[in-house]
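Chain residues, written in single-letter form:
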Amino acid sequence: MLLQPGILTMAWGSVVRQIAAGLDVELDSVEEWYERLPAPEKFDVDSGPIEEGTAAALHFEVRGMRGGRAVIVLEHVTRLRDDLAPDWPQPAGHGCYRVVVSGEPNYTVDLQLLGSDGDHNTAGLKATAMRLVNAVPAVVEARPGLLTSLDLPLVTGRGLVR
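Keep in mind that this is a model prediction, so the values were computed, not measured.

Take the sheet that holds strand β4 (residues 55-66) next. Read across the sheet, 3 strands follow the order β1-β4-β5 without closing on themselves; strand pairing throughout is antiparallel. At either end of the open sheet lies a strand with only one pairing partner, and these are β1 (29-38) and β5 (69-79). Looking at each pair of strands side by side, their axes are set apart by 15 degrees on average, direction ignored. Two elements, β1 and β4, share 10 bridges in a ladder whose sense is antiparallel. Paired with Arg36 across the bridge in β4 is Leu58.

Before going further, it helps to spend a moment on a nonpolar patch on the surface. On the surface, a nonpolar cluster with roughly 370 Å² of combined accessible area is contributed by Val99, Val101, Tyr107 and Val109. When contributions to the nonpolar patch are tallied by element, the ones reaching two or more residues are β6 (96-101) and β7 (107-112). Within the fold, Val109 resides in strand β7.

As a further point, take unusual backbone geometry. The omega torsion of the bond from Glu104 to Pro105 falls at 5 degrees, within 30 degrees of zero and hence cis. Relative to the elements of secondary structure, Pro105 occurs in the loop between β6 and β7. The phi torsion at Ala85 lies on the positive side, around 50 degrees, for a residue other than glycine. Within the secondary structure, Ala85 is located in the loop between β5 and β6. When its relative accessible area of 6% is taken as the criterion, Ala85 is described as buried.

What follows deals with the environment of Gln18. With respect to the element layout, Gln18 can be found in helix α1 (residues 7-22). Of the residues examined, Gln18 reaches a relative accessible area of 22% and is grouped as partly exposed. Taking the C-alpha atoms as reference points, Gln18 and Thr148, separated by 130 residues in sequence, lie 8.1 Å from one another. Once residues lying within four places of it in the same chain are set aside, the contact partners of Gln18 are Thr148, Ser149 and Leu150. Looking at Gln18, its side chain comes within polar contact range of the side chain of Ser149, at 3.3 Å.

All right, on to the pattern of salt bridges then. Evaluated as defined, the whole model comprises 5 salt bridges. In this structure, the salt-bridge partner of Glu41 is Arg81, at a minimum N-O distance of 2.5 Å. With Glu41 in the loop between β1 and β2 (43-45) and Arg81 in the loop between β5 and β6, this pair connects stretches of sequence that are 40 residues apart. Accessibility expressed as a relative area gives 34% for Glu41, which makes it partly exposed. Residues Asp83 and Arg81 are paired through a salt bridge, measuring 2.8 Å at the closest nitrogen-oxygen approach. In this structure, a network of salt bridges that share partners links the residues Glu41, Arg81 and Asp83.

A word on the side chain of Arg79. Within the secondary structure, Arg79 is located in strand β5. Asp87 is the oppositely charged side chain nearest to the buried, salt-bridge-free Arg79, at an N-O distance of 6.5 Å. Here Leu84 takes part through its backbone oxygen, which lies 2.7 Å from a polar atom of the side chain of Arg79. Within the structure, Arg79 has its side chain in polar contact with the backbone oxygen of Ala85 (distance 2.9 Å). Among residues more than four places away in sequence, those in contact with Arg79 are Ala56, Ala57, Leu84, Ala85, Trp88, Pro89, Gln90 and Pro91.

What counts and how
- Residues numbered from 1 in each chain as written.
- Predicted model: local features only at pLDDT ≥ 70, side-chain atom pairs only at ≥ 80, totals over all residues.
- Heavy atoms only, no water.
- Pairing = 2+ DSSP bridges.
- Helix = DSSP H or I, 4+ residues; strand = E, 2+ residues; numbered from the N terminus.
- Axes fitted to C-alpha atoms, helices over the stretch in contact; angles between N-to-C directions.
- Patch = residues over 30% accessible without salt bridge, like charges linked within 9 Å, V, L, I, M, F, W, Y side chains within 5 Å.
- Areas by Shrake-Rupley, 256 points an atom, 1.4 Å probe, with all protein chains shown as cover.
- Salt bridge = Lys/Arg side-chain N within 4 Å of Asp/Glu carboxyl O.
- Buried < 20%, exposed > 50% of the residue type's maximum accessible area, 1.4 Å probe, protein only.
- Contact = heavy atoms within 4.5 Å.
- Polar contact = N/O pair within 3.5 Å; in protein donor to acceptor, adjacent residues only side chain to side chain.
- Lys, Arg positive; Asp, Glu negative; His and termini not counted.

By themselves, these are just geometric observations and shouldn't be taken as functional.
This is the structure in structure tokens:
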């Protein structure tokens, strides 16, 4: 279902649009792109066996387009084994999030989340929940209407940054 036309944009397009809005970039469109890699042989993962020829790795992008080129790209790579698709982007560590800003100067920031239980997924869920919980006072105090994360103050360990 994930790779049906429009599903990637439905799930992640708002992130691309929100980044564009925050950077004051007007997009012409949002496009989807993906590639899958089949399992080279049968192997097992924690959830069960992966048969040869079935999907073993997925690389997708949701691209914010302007003037015929991608100006904001949300990219995701999933591998069922670390040795699959070695030419695809590689994380700095397990469960890594990477932000790349191309310009002058160029920036690459690798963020590796790890929960106290040792799971990167748990850490990602907690990080998402913290942003939502910390937004409650600002949402309660806001005037009626729709808000985006761009309308909310940044919450740090020392309080609000305005």
